[in-house]
Number of protein chains: 2
Amino acid sequence: MLKGHLDMIVLAALVGGPAHGYGIIQQIKRRSGGAFDLPEGTIYPTLHRLEKAGYLASHWTTAESGRKRRVYKMTRRGERALSDHRALWQRFADAIGGLFGEKARAPARTHS
Amino acid sequence: MLKGHLDMIVLAALVGGPAHGYGIIQQIKRRSGGAFDLPEGTIYPTLHRLEKAGYLASHWTTAESGRKRRVYKMTRRGERALSDHRALWQRFADAIGGLFGEKARAPARTHS
DNA sequence: CGTGTATACCTAGTGAGACTAGGCATAGCA
DNA sequence: TGCTATGCCTAGTCTCACTAGGTATACACG
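Below: a short report on this structure.

Reading guide: rules and limits
Residues numbered from 1 in each chain as written. Chains lettered and ligands numbered in written order. Predicted model: local features only at pLDDT ≥ 70, side-chain atom pairs only at ≥ 80, totals over all residues. Pairing = 2+ DSSP bridges. Helix = DSSP H or I, 4+ residues; strand = E, 2+ residues; numbered from the N terminus. Near = placed C-beta within 6 Å. Nonpolar A, V, L, I, M, F, W, Y, C, P; charged D, E, K, R; others polar. Core = buried A, V, L, I, M, F, W, Y, C linked by C-beta atoms within 7 Å. Buried ≥ 20, exposed ≤ 12 C-beta atoms within 10 Å, placed from the backbone. Contact = placed C-beta atoms within 7 Å. Axes fitted to C-alpha atoms, helices over the stretch in contact; angles between N-to-C directions. Parallel < 35°, antiparallel > 145°, perpendicular 65-115°, else oblique. Least-squares fit on C-alpha atoms with pLDDT ≥ 70 in both.

## Observations regarding the pairing of strand E3 (residues 68-74) of chain B
One face of the sheet, then the other: side chains in a regular strand alternate in exactly this way.
Residue and element names in this part refer to chain B.
Right, so step 1: Pairing of strand E1 (residues 19-20) with E3 involves two bridges; the strand directions are antiparallel. In the sheet register, His 20 faces E3, and the bridge partner there is Val 71.
Right, so step 2: The turn linking strand E2 (residues 56-62) back onto E3 is made up of five residues, and Gly 66 within it adopts a positive phi angle of 100 degrees.

Listed below in structure tokens is the structure:
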């Protein structure tokens with residue numbers, strides 16, 4: 001259902017600051033009110049793709065717990081991409097709204 | 001990008017009254033402000049699927065122009081499905097809004 | 001010490017579904 | 001007589017989120 005919106009969602013999750021993959025999943029779940037509970041198999045390939053595209057930069061860290069984590073942070077390009085995607089989303093949502101909002105009209109009058 | 005939303009879009013286009021495939025395409029284009037210009041290869045299979053699912057009913061007519069048209073109209077089941085899809089869309093749009101930080105939310109036009 | 005669970009990362013392959021690319025047919029116009 | 005717009009149809013493609021598997025460490029419990 002989020003086909004085409006995933007990049008935007010992941011980028012949006014990084015607006016608050018850098019995070020690692022596993023944390024991003026939880027972040028998205030929390031901030032979406034539980035609506036988006038994305039599996040790892042969705043997130044990790046996406047992060048790799050976004051980094052390859054220059055939207056994200058990553059580096060390895062070791063948490064206090066001793067675990068190794070790959071922390072991602074948005075690049076300036078990523079911020080621009082997010083901005084573009086947001087505009088696209090607005091148009092998309094408005095279009096859906098238009099389909100719902102406009103009611104009552106005569107059936108198909110092709111020749112006007 | 002409209003993966004998973006297409007059924008809803010087509011059903012919504014028929015709220016104003018019955019229409020034929022070609023007209024539905026134009027209807028959607030107009031009411032979406034030009035955002036959704038769906039190819040025939042997308043619409044026709046969808047209409048067939050929706051009819052098979054019992055959401056639409058169709059019959060052949062001959063327009064004043066002399067052309068043959070297959071006119072679709074929503075069934076009660078279709079109306080219920082549309083209603084469900086709309087609720088789903090609301091949750092989806094709200095979830096995206098939540099990720100954006102409440103600022104950019106999809107316009108929720110609660111048309112009665 | 002062994003086992004279970006949560007954390008944390010990765011990738012090859014699948015599957016659903018919108019779309020491409022074709023085909024067929026008729027009306028109206030130049 | 002073409003050309004364009006209308007009008008319907010379907011087989012196959014392609015994208016991309018997701019499934020299903022794998023590896024590894026920290027911590028708690030017995």
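Next comes the rest of the account.
## Some thoughts on the protein's contact with DNA strand C
Right, so step 1: Residues in close proximity to DNA strand C total 28 residues, the closest being His20(A), Gly21(A), Tyr22(A), Gly41(A) and Gly41(B).
Right, so step 2: When residues of the surface near DNA strand C are traced back to their parent elements, those giving at least two are helix H2 (21-31), helix H3 (40-52) and strand E3 (68-74) of chain A together with helix H3 (40-52) of chain B.
Right, so step 3: For the surface near DNA strand C, the per-class residue count stands at nine nonpolar, 12 polar and seven charged.

## Structural notes on the nonpolar core
Soluble globular proteins tend to bury their nonpolar side chains together.
Right, so step 1: Counting 52 residues, the largest nonpolar core has Leu11(A), Leu11(B) and Ala13(B) as the members making the most contacts within it.
Right, so step 2: For this core, the element with the highest residue contribution is helix H4 (residues 76-101) of chain A, accounting for nine residues.
Right, so step 3: Setting aside residues up to four positions removed in sequence, Leu11(B) forms contacts with Tyr55(B), Met74(B), Gly78(B), Ala81(B), Leu82(B) and His85(B).

## Quick look at the packing of helix H1 (residues 6-13) of chain A against H2(A)
Residue and element names in this part refer to chain A.
Right, so step 1: Two elements in contact, H1 and H2, have axes separated by 9 Å at closest approach and are oriented at 100 degrees. What the angle tells us is that H1 and H2 run roughly perpendicular. From H1, Ile 9, Val 10 and Ala 13 reach across to H2, where they touch Ile 24, Gln 27, Ile 28 and Arg 31.
Right, so step 2: Taken together, the residues of the contact of H1 with H2 sort by class into five nonpolar, one polar and one charged.

## Regarding the relation of the copies chain A and chain B
Right, so step 1: Note on the copies: chain A fits chain B at an RMSD of 0.1 Å, the axial shift is 0.0 Å, and the rotation between them is 179 degrees. Taken together, the rotation angle and the small translation identify this as a two-fold axis. Closest to the rotation axis within chain A is the C-alpha of Lys3(A), separated from it by 2.9 Å.
Right, so step 2: The fraction of interface residues of chain A whose copies in chain B are also interface residues reaches 74%, indicating that both copies meet through the same surface.

Honestly, it's all geometry; don't read function into it.
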